Amino acid sequence: MESKKRFSKSQIISFILLSLLPAVLIVMTQIKLLFGNLLFNLTVALTYYIIPAVIILLFALVCFLVKKRFLKILLSVLIFALFISSFLVAGIFGIFEELDVHKNEKVQSHYSANVECMPSLSELSQTESIEYYDYHSSMLAGFVTCDCDTLICQYSEDEYLLQKELLDENYVFQKEPLIAMPDEPKCEPVIEVDGYTFRALSVDGYSLIYPKEVIFIATNDKKNEILYMYFCDIELDYIESMEEFILNDCGFKHIR
């Protein structure tokens, strides 16, 4: 009885070979989460953890419980096909997020003021700390993407008050509600999000294509911080909630 309960060497080898691809996928994803710029979300959990784990479990059931060789091969092929199709469907319809974070002296080699309204580092004076966040999200296998650059400058209290007063002299802010089309939702150009007062720059003044392009300048009186944010998504047609847009589309929930 004891010998019958033991798994044969061929069963173990078959299981290892069949499970190799989903297992490697789990390990590589964990490495990228720990040491790379990939952000953990529902899509990542489903695509890189849940689906591979279920596939490994199915392979285990086939290898160790199914006796007939032909049936083992047939079920293994079907499971592998299920794995590939599920992975592709999740990759197409899921949302994948990446965030590169650079602080202080490392900002210099990564940040570029390639947009008119975003300040160059040479324009920033007497900052106590600088943070730069490069947020990127994609769906439909990378055919639909959005990018958001966020620069956060922290000052001493006196310098912050001075720089905050200069914002109205140096920038033109949106006064009227933002709207893409007459039948689309209107969004106020000023909104409080997690202690930051976000103000949208003038769409007409800077020739922005709203809602595909949005630029914010935000201030936080408690932290003495001024935030500059540039968002771009050429596929975006409207913004329903400005707060949700800033938190989710601009990735601010991953920043503060």
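Each remark here, short or long, concerns the structure printed above.
Parameters and conventions
Residues numbered from 1 in each chain as written. Predicted model: local features only at pLDDT ≥ 70, side-chain atom pairs only at ≥ 80, totals over all residues. Heavy atoms only, no water. 1 Å grid on protein atoms, 1.4 Å probe; cavity = no way out; pocket = protein on both sides within 12 Å on 5 of 7 lines; lining within 4 Å. Points joined across faces, edges and corners; volume = space filled by probe spheres on them. Nonpolar A, V, L, I, M, F, W, Y, C, P; charged D, E, K, R; others polar. Buried < 20%, exposed > 50% of the residue type's maximum accessible area, 1.4 Å probe, protein only. Helix = DSSP H or I, 4+ residues; strand = E, 2+ residues; numbered from the N terminus. Pairing = 2+ DSSP bridges. Patch = residues over 30% accessible without salt bridge, like charges linked within 9 Å, V, L, I, M, F, W, Y side chains within 5 Å. Areas by Shrake-Rupley, 256 points an atom, 1.4 Å probe, with all protein chains shown as cover. Salt bridge = Lys/Arg side-chain N within 4 Å of Asp/Glu carboxyl O. Core = buried A, V, L, I, M, F, W, Y, C linked by side-chain atoms within 4.5 Å. Axes fitted to C-alpha atoms, helices over the stretch in contact; angles between N-to-C directions. Polar contact = N/O pair within 3.5 Å; in protein donor to acceptor, adjacent residues only side chain to side chain. Contact = heavy atoms within 4.5 Å.

Asker: Whenever I open this one, empty space enclosed by the protein confuses me. Can you help?
Answerer: Which parts of space are left empty comes out when a probe the size of a water molecule is rolled across the atoms. Evaluation of the coordinates by the stated rule reveals one cavity of 30 Å³ or more. By volume, the largest cavity is sized at about 30 Å³. Tallied by class, the residues present in the lining of the largest cavity amount to five nonpolar, two polar and one charged.

Asker: I keep staring at the pairing of strand β5 (residues 196-200) and nothing clicks. Help me out?
Answerer: Each regular strand shows side chains that alternate between the opposite faces of the sheet. Residues Tyr196, Phe198 and Ala200 of β5 are buried on one face, while the alternating residues Thr197 and Arg199, pointing to the opposite face, are not. With four bridges joining them, strand β4 (residues 190-193) and β5 adopt antiparallel strand pairing. When the bridges of β5 are listed, Val190 appears paired with Arg199. In this structure, the hairpin formed by β4 and β5 is closed by a connection of two residues, where Asp194 is found at a positive phi of approximately 50 degrees. Relative to strand β6 (residues 213-220), β5 runs antiparallel, the two sharing four bridges. Residue pairing in the sheet places Ala200 in a bridge with Phe216 of β6.

Asker: Before we go on, may I ask you to explain a nonpolar patch on the surface in this structure?
Answerer: A contiguous nonpolar surface patch, about 880 Å² in accessible area, is contributed by Leu21, Phe80, Ile84, Leu88, Val89, Ile92, Phe93, Leu140 and Phe143. Here the nonpolar patch gets six residues from one element, more than from any other, and that element is helix α4 (residues 69-93).

Asker: When you look at the nonpolar core in this model, what are you seeing that I'm missing?
Answerer: If you look at soluble globular proteins, the nonpolar side chains tend to sit buried side by side. Counting residues in hydrophobic clusters, the biggest one holds 55 residues, and the most contacted among them are Phe198, Tyr228, Phe245 and Phe252. Of all the secondary-structure elements, those providing two or more residues to this core are β2 (129-139), β3 (144-154), α5 (157-170), β4, β5, β6, β7 (225-232) and α6 (242-249). The dominant element in this core, judged by the number of residues it contributes, is β7, at six residues. Membership of the second largest hydrophobic core comes to 18 residues, among which are Leu38, Val44, Tyr48 and Tyr49.

Asker: So what exactly am I meant to see when it comes to the sheet that holds β3 here?
Answerer: The strands making up a sheet associate through hydrogen bonds between their backbones, and the pairing can be parallel or antiparallel. Strand order in this open sheet of seven strands is β1-β2-β3-β7-β6-β5-β4, and the pairing throughout is antiparallel. Unpaired on one side and paired on the other, β1 (96-103) and β4 mark the two borders of the sheet. The mean angle between the axes of side-by-side strands here comes to 20 degrees, regardless of whether they run parallel or antiparallel. Sheet topology places β6 next to β7; eight bridges connect them, and they run antiparallel. In the sheet register, Ile217 faces β7, and the bridge partner there is Tyr228.

Asker: Sorry, what's going on with the pairing of β7 here?
Answerer: With respect to burial, β7 is a largely interior element, seven of its eight residues being buried. Where β3 lies against β7, eight bridges are found, and the strand directions are antiparallel. Residue Thr150 lies in a different strand from β7, and its bridge partner there is Met229. Counted between consecutive antiparallel strands, the loop separating β6 from β7 contains four residues, among which Asn224 sits at a positive phi close to 55 degrees.

Asker: Can you help me understand the side chain of Thr47 in this one?
Answerer: Within the fold, Thr47 resides in helix α3 (residues 42-65). Exposure remark for Thr47: the relative accessible area of 0% places this residue in the buried category. For Thr47, the side chain forms a polar contact with the main-chain oxygen of Thr43, separated by 2.8 Å. Other than its neighbours up to four places away in sequence, Thr47 contacts Leu25, Pro52, Phe87, Ala90 and Phe96.

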